[in-house]
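Structure assessment
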Amino acid sequence: MPTRILLEGRPGSGKTTAVRRLAVLLRARETAGFTTEEIRTGGARVGFALETLSGERAVLAHVDLPGPPRVGRYGVDLRVMERLALPALAWSARTLLLIDELGRMELAHRPFEDAVRALFAADVDVVATVQAQHGPFTDTLKRRADVEVLQLTRANRDSLPGQLAARLGH
């Protein structure tokens, strides 16, 4: 039975940090996926970058991008999802997929949502981050009997990656 874990946390709880730390701790294991990170200018958040675990990086969303789609004040470049995120989800039977995150910007790309749905039906280990807020797609994943939802907080964000690495390191 594959491992399917959703790390649920509020903004700023350390979801990206936890996934990056987990990837480092599992260097000996085949991993694939991506993380997202805030882009800041002068202390203000102006966008988000997507970076694959293999090191490819691009601006996913930015206040200066026109969209569509728009998520809040950010225009989202869906070509980044097509060019980087979808190929980063390629897997073999031994792969652990790390996805940061299943958020509104990423899920604005329907082929990505379809790919994630297929991953959760496949025989592959997945650790993904989700926001604590409700969303139709992520709420459905959270209710699945084969999905473990772990709360990520500032209090456990330093210890949780090590605990997960011990479980997933095979």
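Below you will find a few notes about this structure. (Residues numbered from 1 in each chain as written. Predicted model: local features only at pLDDT ≥ 70, side-chain atom pairs only at ≥ 80, totals over all residues. Heavy atoms only, no water.)

Here we take up the pattern of salt bridges. In the structure shown here, the tally under the stated rule is 17 salt bridges. With a shortest N-O distance of 3.1 Å, Asp158 and Arg21 are connected by a salt bridge. Of the two residues, Asp158 is situated in the loop between strand S9 (148–151) and helix H6 (160–168) and Arg21 in helix H1 (residues 15–25); the sequence distance between them amounts to 137 residues. For Asp158, a relative accessible area of 54% gives the class exposed. Look at Arg21 and you get partly exposed, because its relative accessible area is 33%. Residues joined in a network through salt bridges with shared partners are Arg20, Glu37, Glu51 and Arg57. (Salt bridge = Lys/Arg side-chain N within 4 Å of Asp/Glu carboxyl O. Helix = DSSP H or I, 4+ residues; strand = E, 2+ residues; numbered from the N terminus. Buried < 20%, exposed > 50% of the residue type's maximum accessible area, 1.4 Å probe, protein only.)

Before going further, it helps to examine the packing of aromatic side chains. This model, assessed by the stated rule, comprises 2 aromatic pairs. Judged by centre distance (5.4 Å) and plane angle (75 degrees), the rings of Phe48 and Tyr74 are edge-to-face. Here the residue Phe48 occupies a position in strand S3 (residues 44–52), and Tyr74 occupies one in strand S6 (residues 74–76), the gap between them amounting to 26 residues. For the pair Phe48 and Tyr74, a shared accessibility class is recorded, and that class is buried. (Phe/Tyr/Trp six-rings, centres within 6.5 Å; stacked < 30°, edge-to-face > 60°.)

Take Val80: it is sitting in helix H2 (residues 78–88). On a C-alpha basis, the gap between Val80 and Leu50 in space is 7.8 Å, while along the polypeptide they are 30 residues apart. Setting aside residues up to four positions removed in sequence, Val80 forms contacts with Leu50, Ala58, Val59, Leu60 and Ala85. (Contact = heavy atoms within 4.5 Å.)

Within the secondary structure, Glu101 is located in the loop between strand S7 (96–99) and helix H3 (104–107). The side chain of Glu101 is buried and forms no salt bridge, while Lys15, the nearest opposite charge, is found at 4.5 Å. Beyond its immediate chain neighbours, meaning those up to four positions away, Glu101 contacts Lys15, Phe34, Thr36, Glu106, Thr129, Val130 and Gln131. (Lys, Arg positive; Asp, Glu negative; His and termini not counted.)

Turning our attention to the pairing of S3. When strand S2 (residues 31–41) meets S3, the two strands line up antiparallel, connected through 8 bridges. Residue Ile39 lies in a different strand from S3, and its bridge partner there is Gly47. Where S2 folds back on S3, the antiparallel hairpin that results is connected by 2 residues, among which Gly42 adopts a positive phi of roughly 60 degrees. As paired strands, S3 and strand S4 (residues 57–62) are joined by 5 bridges and run antiparallel to one another. The residue of S4 that forms the bridge with Ala49 is Val59. What sits between S3 and S4 in their antiparallel hairpin is a turn of 4 residues, with Gly55 showing a positive phi close to 100 degrees. (Pairing = 2+ DSSP bridges.)

In this structure, Ile99, Leu102 and Phe112 are the most contacted members of the largest nonpolar core, which totals 34 residues. A total of 5 residues in this core trace back to one element, the largest contributor, which is H2. Beyond its immediate stretch of four places on either side in the chain, Leu102 contacts Leu6, Leu107, Phe112, Val116, Ala128, Thr129, Val130, Thr138 and Leu141. With 16 residues, the next largest nonpolar core counts Leu96, Val127, Leu160 and Leu168 among its residues. (Core = buried A, V, L, I, M, F, W, Y, C linked by side-chain atoms within 4.5 Å.)

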